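Letter by letter, the chains look like this.
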Amino acid sequence: MANPHIEIPVRAPAATSVDDTVLPFEVAALDLRGRVVRLGPLVDEILARHNYPAPVSKLLGEAIALTVLLGSALKIEGRFILQTQTDGPVRMLIIDFRSPGKIRACARFDAARVAAAIEAGKADAGSLLGRGHLAMTIDQGADTSRYQGLVALDGGSLEDAAHEYFRSSEQIPTRVRLAVAEELSAGARHSWRAGGMLLQFLPKSPDRARVADLHPGDAPEGTAPHALPEDDAWVEGRSLIETVEDLELIDPAMSSERLVYRLFHERGVRVFRGIDVVAECSCSRPTVEAMLKSFPQDDRDHMVEDGMISVTCEFCSSTYRFAPEDVQGEPSPGQSDDKA
Ligand SMILES: [Zn+2]
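Thresholds applied
Residues numbered from 1 in each chain as written. Predicted model: local features only at pLDDT ≥ 70, side-chain atom pairs only at ≥ 80, totals over all residues. Heavy atoms only, no water. Helix = DSSP H or I, 4+ residues; strand = E, 2+ residues; numbered from the N terminus. Buried < 20%, exposed > 50% of the residue type's maximum accessible area, 1.4 Å probe, protein only. Contact = heavy atoms within 4.5 Å. Areas by Shrake-Rupley, 256 points an atom, 1.4 Å probe, with all protein chains shown as cover. pLDDT = per-residue confidence, 0-100. Pairing = 2+ DSSP bridges. Axes fitted to C-alpha atoms, helices over the stretch in contact; angles between N-to-C directions.

Turning our eyes to something else, we now look at the overall build of the protein chain. Regarding its fold elements, the protein chain presents 10 helices and 15 strands. For the protein chain, buried positions account for 43% of its 340 residues. For the protein chain, the proportion of contacts with a sequence separation of at least 24, taken over those separated by at least 6, is 64%. Summed over all atoms, the accessible surface of the protein chain reaches about 18300 Å², with 51% contributed by carbon and sulfur.

Structural data, given as structure tokens:
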């Protein structure tokens, strides 16, 4: 062995991918931490049920992989919500992660504009999203304040937005890779797979993680933009994650452990207990009923069709049907009862 100091793994890495798991890892010699996510049945269940046009499914799959990478890092009970709001053909993506690992997701898009984008060969993530913002919200319940981080989407990919968010808001050097593909198998229908990897430089001395300030904007002409040389350890980590091929993130024959081993075995890499994730919605008949009861009577009246009120969950397509008299709200004090 060339280097006697490298850490020897205590067990051999799993040969094949374990789907719907997040594998945290650490490369102590380079002050790097990261996670790898592999999604099989989870992403296939969500995307197959929605049956969106393929480029919209692919984009939502990337957003799901990104949400799982970020949400699985939360040490708290609660929800992590990633949401885009943009002016492109896909005007909104919503991905909802509930600890410890329940995911639901949906997209809102203009079908005609998506079809035109596909026709024009401009159905990449940046073109579908357009311009607007990406919001990340941490919600720990009614009694605690919400945290929200925002970053501009400017015609780039979700990876670009994640890099910009960590650079400008968190000041943590970060690289993200995301991949989504349809797996073709003879006879059977296509199934979706997704994967992703996040790598962060977290040195003990915060000085080493410093990033260049924002561009000086209207500073006098000739002012040099603030530049800082990147730490050698981060340059090495960043260069390594940039070699990750899409196929390595989605190939069932490549385990997460083999992938991190391929990248970091020379420096020594430690993996931690994986986190399981699953596609599961949080809607229920009682929550839909409570929502309907909170609406003004006039709004409920407009929802009645064939004598019933139907509500379909945008995330999981479950439909809940109520007789109008079962979802009458409590009349608020002072409100006159028109039916009297
Ligand atoms: Zn639902």
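Structure shown, so let's carry the discussion forward.
Following Ser99, the chain continues into Pro100 via a peptide bond in cis, with omega recorded as 5 degrees. Position of Pro100 relative to the elements: it lies in the loop between strand S4 (90-98) and strand S5 (102-109). You will see that Asn51, though not glycine, has its phi angle at about 55 degrees, which is positive. Structurally, Asn51 is set in the loop between helix H1 (41-50) and helix H2 (54-71). Of note, Gln171 is a non-glycine position whose phi angle comes to about 55 degrees, a positive value. Examined against the element boundaries, Gln171 turns out to sit in the loop between helix H5 (158-170) and strand S8 (174-183).

So, on to the environment of Gln85. With respect to the secondary-structure elements, Gln85 resides in strand S3 (residues 79-86). Separated by 23 residues in sequence, Gln85 and Arg108 have C-alpha atoms that sit 9.6 Å apart. Sequence-distant contacts of Gln85, defined by excluding residues within four places in its chain, comprise Arg91, Met92, Arg131, Gly132 and His133.

Attention shifts here to the confidence of the model for the protein chain. Considering every residue of the protein chain, the mean pLDDT works out to 88; 86% of them sit at 70 or more. Note that residues 334-340 has pLDDT below 50 and, in this model, 1 contact with residues that lie over four places away or in other chains.

This part is about the sheet that holds strand S15 (residues 319-322). Strand order in the open sheet made by the 3 strands is S13-S14-S15, with antiparallel pairing throughout. One side of each edge strand has no neighbouring strand; the edge strands of this open sheet are strand S13 (304-305) and S15. Bridging between S13 and strand S14 (residues 308-312) involves 2 bridges; their strand directions are antiparallel. Bridged to Glu305 within S14 is Met308. The sheet strands contacting helix H9 (residues 285-294) are S14 and S15, and the helix crosses S15 at an angle near 55 degrees.

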